[in-house]
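Take a look at the letters that make up each chain.
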Amino acid sequence: MNLDYSPDELAFREEVRAFLAASLPRDLAAKVHEGKRLTRDDFVKWHRILAGKGWVAPGWPKEYGGPGWSAVQQHIFDEECSAAGAPIVLPFGVRMVAPVIQRFGSEEQKRHFLPKILSGEHWWCQGYSEPGSGSDLASLKTRAERQGDHYVVNGQKTWNTLGQWADWIFCLVRTASEGRPQEGISFLLIDMKTPGVTVRPIRMLDGEAEINEIWFEDVLVPVANRVGDENKGWTYAKFLLGHERTGIAGVGRSKRELKKLKDIARRERSGGRPLIEDARFRDRIAQVEIELMALEVTNLRVLAEEDARRAPGPEASILKVRGSEIQQSLSELMMQAVGSYGLPYVPEELDAGWSGESAGPEYAAPLSGLYFNMRKTSIYSGSNEIQKNIISQMILGL
Amino acid sequence: MDFSLAEERRLLQDTVKRFLANEYKFEKRRGIVASADGYSREIWKQLAELGLLGLTLRDEDGGMGGDAFDTAIVMEAFGRALVVEPYVATVVLGAGVISDAGNAAQREAWLGPVAAGEKLLAFAHAEPAARYAPSFVETKAKRDGAGWKLDGFKSVVLNAANADAIVVSARTAGNAGDRDGISLFLVDRNAPGVSMRAYATQDGGRAADVKLAGVPAGDDRRIGDAGAAIGTIERALDRANAALCSEALGVIDALNEATLEYLKTRKQFGQPIGRFQALQHRMADMTIKAVEARSMAVVAAAAMSETDATERARRVSAAKAFIGQAARFVGQQAVQLHGAIGVTDELIVSHWFKRLTMINATFGDADYHLGRFSDLMLAAK
């Protein structure tokens, strides 16, 4: 029993730190630390820098271009990237569709798609949810009808993240309506430039538009772009959900946000004194810091088991539930820390390089929006209630 | 990083578990709790034979040189079995203090006999006006010739009545609340001037309020330097809290197992009550707490090898705060999900619940430790 990193792991951490110090553009890190809006180019730029180093896909097997890291190394990498203010590598390509292609895709799909995911040439998005199919995903209705070498896809997807910038979308579509709903679903890769694909951004509660609806009207998709067997898409989707536990807890990001919360609480004043001296508020920081410690060690325990290749338990769901709750607590406390400067809504302040007069302290500008935005975390990727269904039914056998 | 149990620890765990499963059944425990002493000399002797009483003492003191992770294994098993024998008072606190700060003569006089199961100890530190604050000591030790005379009052001293000797904190300089000026003394249970109001505790243990009225103590009974005991006291309390965290973990897991089993077997409305989503999600929440509590018990045990006392305190308090909250939640929900049978004395569930509740109130509850952790945030950059 030993909570400390091994000498090798410490050396690895130094290597990651040195790389970040040399290669993470300062303007990008500043944007992330200050909560500024990130552009498509920002994400792509960082993706390409990582790709150049061979570090963009930490979880990939070596044969496909992964670095061959242990789960603990992946955790260290995630933590250091978060602390340094690196933009995230969006999960849709590297962490979601790629493992499915690696496991179930054709040789041609592997040859064509995987290098372009690594390089950042293809931006991927996800087509799962529909207006009538949220938690009950298997009820999805978007149809794909076979016509010769093509499927003709008709239907509507929604709650699609950053699809307005995407080149490709992986979709669950219905190819059969007999039997159990899960049995008639297929997994298709669709070029976003195909005629009949329409993207409409949805303005969210924070005023931003990172989420889209996507319509498919008679969209022709080559049968060669189906992953695996027809009507087996549900299996692949489940594989995807259970595939990667690393990073699901968002520990690195939350540690960075906790540090920011403390910084803000030291700078804010209450009755003329630093807010952090107010025990009532400080205790709330303490509470979430302790919860984050519990999450971090739980995450490390799960990673250690992953490296030891023991069977997974309820951990992925636990990490999702607690990770999202802690992210929400942190964003709520940051908003609360700036007091009435949570009120101003000045979206242009979130643009990098904006030089107007800020409403209140500069660090206050993104905080309420962040709080509103983070409500999504307990809803996406299987709502926390669905996660509790998984724990109680699949793990505990109730 | 390594979360696996080394081979010797796995053996220790198996040994303790097997012993308790055979020798410490719930009905037998009822008899022990109801006995005059409130603990079993027979069991204590067996614990000594298993090597558990000297587990964490140094080899040269008659121990086995174990650390807080060994204590954690023992305490987790004790939690599940609801062991009432005075392990924390005697081994973790009393012998722990003597091992940390005692001189050679004191270690020789007490540690071997503790390891052999021949002597019991208690740690009399907390006072009514202090609540949980470790430096608020009003009990006084005044010079009396070559020795000392102790006057004061100590509250809820675990195992005081059964102890052969009591480690007493007393102020030799300064005022209540000062970190400097506190000393530790080994006082015989039957020394003149020691009187007690002994009582049972809610969870089946034994404790007493201890009054010290002109109690003589030779200078050879002083443990460590005069006036400089606060570090030893805080370390002892942290060690006890780390042990309690593991004990609570054992209880939490036991309660969750019992509750899950009940949800699968108890039928209402024609089906097992575990089919109802309201109860499923409660059980999921209890499971989450247990997994996280295990992480925090590891944090507490690891903290005891931390050389920086502030960092040790921070981590132990984080663990005790978290586990205190988790214990409260799991205990209350386990009783709730059992329904009326959960609030009976008959079922072990209520006994586990009471033990968790008392662990939370022992050596600082969740609010106290949250505050301690929070206050240390101010000191940090």
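Draft legend 1. The overall build of chain B, seen in detail. Per the secondary structure count, chain B includes 11 helices and 10 strands. The C-alpha atoms of chain B give a radius of gyration of 21 Å, which matches the 21 Å a tight globule of 381 residues would have. Taking all 381 residues of chain B together, 52% fall into the buried category. Sequence-distant contacts, at least 24 apart, represent 73% of the contacts inside chain B between residues at least 6 apart.

Draft legend 2. Summary view of the overall build of chain A. From N to C terminus, chain A includes 12 helices and 10 strands. A compact globule built from 398 residues should have a C-alpha radius of gyration of about 21 Å, and chain A, at 22 Å, falls within 12% of that. C-alpha atoms of chain A, sized along the principal axes, occupy 75 × 50 × 50 Å. Looking at chain A residue by residue over its 398 residues, the buried ones come to 42%. Intrachain contacts of chain A at a sequence separation of at least 6 include 71% that bridge at least 24 residues.

Draft legend 3. View of the domain arrangement of chain B. Residues and elements named next belong to chain B. Domain annotation of chain B identifies domain 1 (7-119), domain 2 (122-227) and domain 3 (231-379). Domain 1 and domain 2 are separated by 23 Å when their C-alpha centres are compared. Every contact between the two is made by 18 residues of domain 1 and, on the other side, 16 residues of domain 2. Those elements that provide at least two residues to the side of domain 1 that touches domain 2 are helix 5 (87-101) and helix 6 (104-115). A per-element tally of the side of domain 1 that touches domain 2 places helix 5 first, with eight residues. Looking at the side of domain 1 that touches domain 2 residue by residue, the class counts come to 11 nonpolar, five polar and two charged.

Draft legend 4. Just the domain arrangement of chain A, in detail. All names here are of chain A. Domain parsing of chain A yields domain 1 (7-89), domain 2 (124-230) and domain 3 (245-395). One C-alpha centre belongs to domain 1, the other to domain 3, and the line joining them spans 20 Å. Taken together, the contacts link 15 residues of domain 1 with 18 residues of domain 3. Split by residue class, the side of domain 1 that touches domain 3 holds four nonpolar, six polar and five charged.

Draft legend 5. Expanded view of the nonpolar core. Residues and elements named next belong to chain B. Ile-166, Phe-185, Met-296 and Ala-297 are the most contacted members of the largest nonpolar core, which has 223 residues in total. With 18 residues, helix 7 (residues 230-265) is the single largest residue contributor to this core. With sequence-adjacent residues up to four places away left out, Ile-166 is seen in contact with Ala-122, Ala-124, Val-157, Ala-160, Val-187, Arg-189 and Val-210.

Draft legend 6. Representation of the packing of helix 1 (residues 7-23) of chain B against helix 4 (residues 68-81) of chain B. All names here are of chain B. Between helix 1 and helix 4, whose axes approach to 10 Å, the crossing angle comes to 25 degrees. It follows that helix 1 is roughly parallel to helix 4 by the angle criterion. By crossing handedness, the relation of helix 1 to helix 4 is classed as right-handed. For the pair helix 1 and helix 4, the contacting residues are Arg-9, Leu-12, Gln-13, Val-16, Lys-17 and Leu-20 in the first and Phe-69, Asp-70, Ile-73, Val-74, Ala-77 and Ala-81 in the second. Residue composition of the contact of helix 1 with helix 4, by class: eight nonpolar, one polar and three charged.

Draft legend 7. The interface of chain A and chain B, seen in detail. In this assembly, 34 residues from chain A lie in contact with 31 residues from chain B. Looking at the side of chain A that touches chain B, the elements that each hand over two or more residues are helix 9 (279-307), helix 10 (315-337) and helix 12 (384-395) of chain A. Among the elements that line the side of chain A that touches chain B, the one with the most residues is helix 9 of chain A, at 14 residues. When grouped by side-chain class, the residues that make up the side of chain A that touches chain B number 20 nonpolar, six polar and eight charged.

Draft legend 8. Highlighting the pairing of strand 6 (residues 194-200) of chain B. All names here are of chain B. Where strand 6 meets strand 7 (residues 206-217), seven bridges bridge the pair, whose relative direction is antiparallel. In the sheet register, Tyr-199 faces strand 7, and the bridge partner there is Ala-207. If you look at the hairpin formed by strand 6 and strand 7, you'll find five residues sitting between the two strands, and Gly-204 has a positive phi there, around 95 degrees.

Draft legend 9. Representation of the packing of helix 9 of chain A against helix 9 (residues 309-338) of chain B. Packing of helix 9 of chain A against helix 9 of chain B leaves a shortest axis separation of 10 Å and a crossing angle of 90 degrees. With respect to each other, helix 9 of chain A and helix 9 of chain B are oriented roughly perpendicular. Here Ile-290, Met-293 and Ala-294 of chain A of helix 9 of chain A come into contact with helix 9 of chain B, specifically with Ala-318, Ala-321 and Phe-322 of chain B. Per-class residue counts for the contact of helix 9 of chain A with helix 9 of chain B are six nonpolar, no polar and no charged.

Draft legend 10. Layout of the confidence of the model for chain B. Taken as a whole, chain B shows an average pLDDT of 97; of its residues, 100% reach a score of 70 or greater. This prediction of the complex comes with two scores: 0.96 for pTM and 0.97 for ipTM.

Draft legend 11. Here's a closer look at the pairing of strand 7 of chain B. One ladder, built from nine bridges, connects strand 3 (residues 147-158) of chain B with strand 7 of chain B; its direction is antiparallel. Bridge pairing in strand 7 of chain B links Phe-153 of chain B to Lys-211 of chain B.

Draft legend 12. View of the environment of Ala-176 of chain A. Residue and element names in this part refer to chain A. Looking at the secondary structure, you find Ala-176 in the loop between strand 4 (168-174) and strand 5 (185-191). Ala-176 sits 55 residues away from Asn-231 along the chain, and the two C-alpha atoms are 6.9 Å apart. In contact with Ala-176, other than residues within four places in its own chain, are Glu-183, Gly-184 and Asn-231.

Draft legend 13. Unusual backbone geometry, seen in detail. Residue and element names in this part refer to chain B. Phi at Phe-269 takes a positive value of approximately 50 degrees, unusual for a residue other than glycine. Along the chain, the position of Phe-269 falls in the loop between strand 9 (267-268) and strand 10 (271-272). Using a count of 8 C-beta atoms within 10 Å as the deciding quantity, one classes Phe-269 as exposed. Here the phi dihedral of Phe-363 falls at roughly 55 degrees; this positive angle occurs in a residue that is not glycine. By secondary structure assignment, the location of Phe-363 is in the loop between helix 10 (348-361) and helix 11 (366-379). A count of 26 C-beta atoms within 10 Å places Phe-363 in the buried class.

Draft legend 14. Highlighting the environment of Phe-322 of chain B. If you trace the backbone, Phe-322 of chain B turns up in helix 9. Owing to 28 C-beta atoms within 10 Å, Phe-322 of chain B belongs among the buried residues under this scheme. As a C-alpha pair, Phe-322 of chain B and Gly-38 of chain B span 284 residues in sequence and 30 Å in three-dimensional space. Ignoring anything within four residues of it in the chain, the contact list for Phe-322 of chain B reads Ile-290 and Ala-294 of chain A together with Ala-293 and Met-296 of chain B.

Draft legend 15. Geometry of the environment of Phe-69 of chain B. Mapping Phe-69 of chain B onto the fold places it in helix 4. Note on Phe-69 of chain B: 22 C-beta atoms within 10 Å, which makes it buried. For the pair Phe-69 of chain B and Ala-243 of chain B, spaced 174 residues apart in sequence, the C-alpha to C-alpha distance is 9.0 Å. If sequence neighbours within four positions are ignored, Phe-69 of chain B has contacts with Met-1 of chain A together with Arg-9 and Ala-301 of chain B.

Basis of the calculations
- Residues numbered from 1 in each chain as written.
- Chains lettered and ligands numbered in written order.
- Predicted model: local features only at pLDDT ≥ 70, side-chain atom pairs only at ≥ 80, totals over all residues.
- Helix = DSSP H or I, 4+ residues; strand = E, 2+ residues; numbered from the N terminus.
- Rg over C-alpha atoms; globule rule 2.2 N^0.38 Å.
- Buried ≥ 20, exposed ≤ 12 C-beta atoms within 10 Å, placed from the backbone.
- Contact = placed C-beta atoms within 7 Å.
- Domains from an automatic or database assignment.
- Nonpolar A, V, L, I, M, F, W, Y, C, P; charged D, E, K, R; others polar.
- Core = buried A, V, L, I, M, F, W, Y, C linked by C-beta atoms within 7 Å.
- Axes fitted to C-alpha atoms, helices over the stretch in contact; angles between N-to-C directions.
- Parallel < 35°, antiparallel > 145°, perpendicular 65-115°, else oblique.
- Left-handed = near helix turned anticlockwise from the far one by under 90°.
- Pairing = 2+ DSSP bridges.
- pLDDT = per-residue confidence, 0-100.

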